[in-house]
Amino acid sequence: MNEKPYYFAYEKRYQAVYEAGFSRWGHSPDDAILYETLKNWVETNDLQGKKVAEFACGEGACGVILSELGCIYTGFDISPSAVKKAKESLAPYPNASVWVLDMVKEKAPDAPYDAALDCMGLHMLITDSDRNAYLKNACAVLKENVPMLFFRESYRKDAYEGEVSSFEHWKRISGEDYDTPMKRTSRDGIDCYIPLLAARAKTEKGYREEMSKAGFDVEDFVPVDINEQCAFSATVFVRKAAKCRC
Ligand SMILES: C[S@@+](CC[C@H](N)C(=O)[O-])C[C@H]1O[C@@H](n2cnc3c(N)ncnc32)[C@H](O)[C@@H]1O
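Description of the structure in this document.

The rules behind these values
- Residues numbered from 1 in each chain as written.
- Predicted model: local features only at pLDDT ≥ 70, side-chain atom pairs only at ≥ 80, totals over all residues.
- Core = buried A, V, L, I, M, F, W, Y, C linked by C-beta atoms within 7 Å.
- Buried ≥ 20, exposed ≤ 12 C-beta atoms within 10 Å, placed from the backbone.
- Helix = DSSP H or I, 4+ residues; strand = E, 2+ residues; numbered from the N terminus.
- Contact = placed C-beta atoms within 7 Å.
- Near = placed C-beta within 6 Å.
- Nonpolar A, V, L, I, M, F, W, Y, C, P; charged D, E, K, R; others polar.
- Axes fitted to C-alpha atoms, helices over the stretch in contact; angles between N-to-C directions.
- Parallel < 35°, antiparallel > 145°, perpendicular 65-115°, else oblique.
- Left-handed = near helix turned anticlockwise from the far one by under 90°.
- Expected span 1.5 Å × (residues − 1).
- Arc of directions from axis to C-beta.
- Pairing = 2+ DSSP bridges.

**Things to note about the nonpolar core**
One recurring pattern in soluble globular proteins is that nonpolar side chains are buried together.
Point 1. Grouped together as the largest cluster of nonpolar side chains are 64 residues, with contacts concentrated most on Val52, Cys62, Leu66, Met103, Ala116, Ala138 and Met148.
Point 2. Considering each element in turn, this core owes the most residues, 5 residues, to helix H3 (residues 61–68).
Point 3. Ignoring any residue separated from it by four or fewer positions in sequence, one finds Met148 in contact with Ala115, Ala116, Ala138, Leu142, Phe216 and Val238.

Here you go:
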């Protein structure tokens with residue numbers, strides 16, 4: 001049997017919310033903090049006119065911002081519904097493209113890239129092996145010494161620091177209910193009943209360790225103010241290590 005991995009669950013969520021009438025689920029290009037963070041990152045790293053890959057791009061909000069800032073953008077996501085939405089949003093930008101890709105199991109085509117971005121994607125991966133496989137895949141398609149930005153990833157000072165070997169293991173550790181539908185309301189007041197999706201928070205030490213293991217140097221770790229996208233999160237600025245052998 002060809003069963004989908006646990007991290008494919010987002011596809012069902014996108015389908016459910018669009019069916020209910022939501023115009024989008026994830027980040028919007030007019031998120032002021034997202035915009036400012038990307039603008040500073042692009043300027044600081046001189047990324048205008050350069051190739052930027054985004055993993056777990058969702059509906060393409062960051063793609064719109066990066067395209068407006070002059071980057072050559074390629075987005076990847078495992079969810080076909082999100083990719084369809086992202087393609088619609090990015091249609092006005094000739095230097096932008098979006099593809100379906102499983103970032104755990106596949107490396108991005110058309111490498112190398114001059115930079116990469118992950119906006120609330122890494123925290124959707126629960127097991128240590130999936131997280132490490134993804135980070136290594138991302139690192140491998142980057143040029144040496146270039147930046148990657150992890151924006152608003154779930155962060156808790158008291159997050160579980162042990163190993164997680166499977167999704168079942170995580171369910172036992174977290175005790176969360178990922179089955180019962182709960183009411184969620186869109187920005188324009190539409191209701192929809194959907195279950196919670198699993199996301200794994202890490203401590204600062206946990207993020208630093210897994211980034212170094214995959215071949216990145218951590219340049220900054222910035223806890224983020226409470227926000228409606230991810231209540232307790234941090235933004236992590238990394239750079240592919242100069243002597244990385246990935
Ligand atoms: C919290 S959403 C963030 C979406 C978007 N970056 C945003 O901020 O609006 C997480 C995204 O990760 C994607 N995702 C989860 N596992 C993935 C995988 N293995 N490969 C690619 N995308 C994945 C989901 O489909 C979903 O679009």
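After that view of the structure, there is still more to cover.
**A word on the site of the ligand**
Point 1. The environment of the ligand is formed by 21 residues, the closest being Tyr10, Gly26, Ala56, Gly58 and Ser79.
Point 2. Here the shell around the ligand is composed, by residue class, of 13 nonpolar, 5 polar and 3 charged.

**So, the packing of helix H2 (residues 32–44) against H3**
Point 1. With their axes 10 Å apart at the nearest point, H2 and H3 run at an angle of 45° to one another. As judged from the angle between their axes, H2 and H3 are oblique. In the crossing of H2 with H3, the sense of the turn from one axis to the other is right-handed. Along the contact surface, H2 presents Leu34, Tyr35, Leu38 and Val42, while H3 presents Cys62, Ile65 and Leu66.

**Things to note about helix H1 (residues 9–20)**
Point 1. The end-to-end C-alpha separation of H1 is 17 Å, in line with the 16 Å expected for 12 residues at 1.5 Å each.
Point 2. The set of residues buried in H1 consists of Tyr10, Arg13, Tyr14 and Val17. Taken end-on, H1 shows its buried residues confined to a sector of 100°, consistent with a single buried face.
Point 3. Just past H1, the residue Gly21 takes up positive phi, approximately 110°.

**Details of the sheet that holds strand S8 (residues 216–224)**
Point 1. Overall, mixed pairing links the 7 strands, which are arranged S3-S2-S1-S4-S5-S9-S8 in an open sheet. Sheet topology places strand S3 (96–100) and S8 at the edges, where each strand pairs with a single neighbour. The mean inter-strand angle of the sheet, taken between neighbouring strand axes irrespective of direction, is 15°.
Point 2. Alignment of strand S4 (residues 115–119) against strand S5 (residues 147–154), held across 4 bridges, turns out to be parallel. From the neighbouring strand, Leu117 faces S5, where its bridge partner is Leu149.

**Regarding the pairing of strand S9 (residues 233–240)**
Point 1. Across the 8 residues of S9, 7 count as buried, placing the element largely inside the fold.
Point 2. Examined bridge by bridge, S5 and S9 share 6 bridges and lie antiparallel to one another. If you follow Pro147 over to S9, its bridge partner there is Arg239.
Point 3. Two strands pair when backbone bridges link them, and S8 and S9 are joined in this way by 8 bridges, in the antiparallel orientation. Across the sheet, residue Val218 finds its bridge partner in S9, namely Val238.

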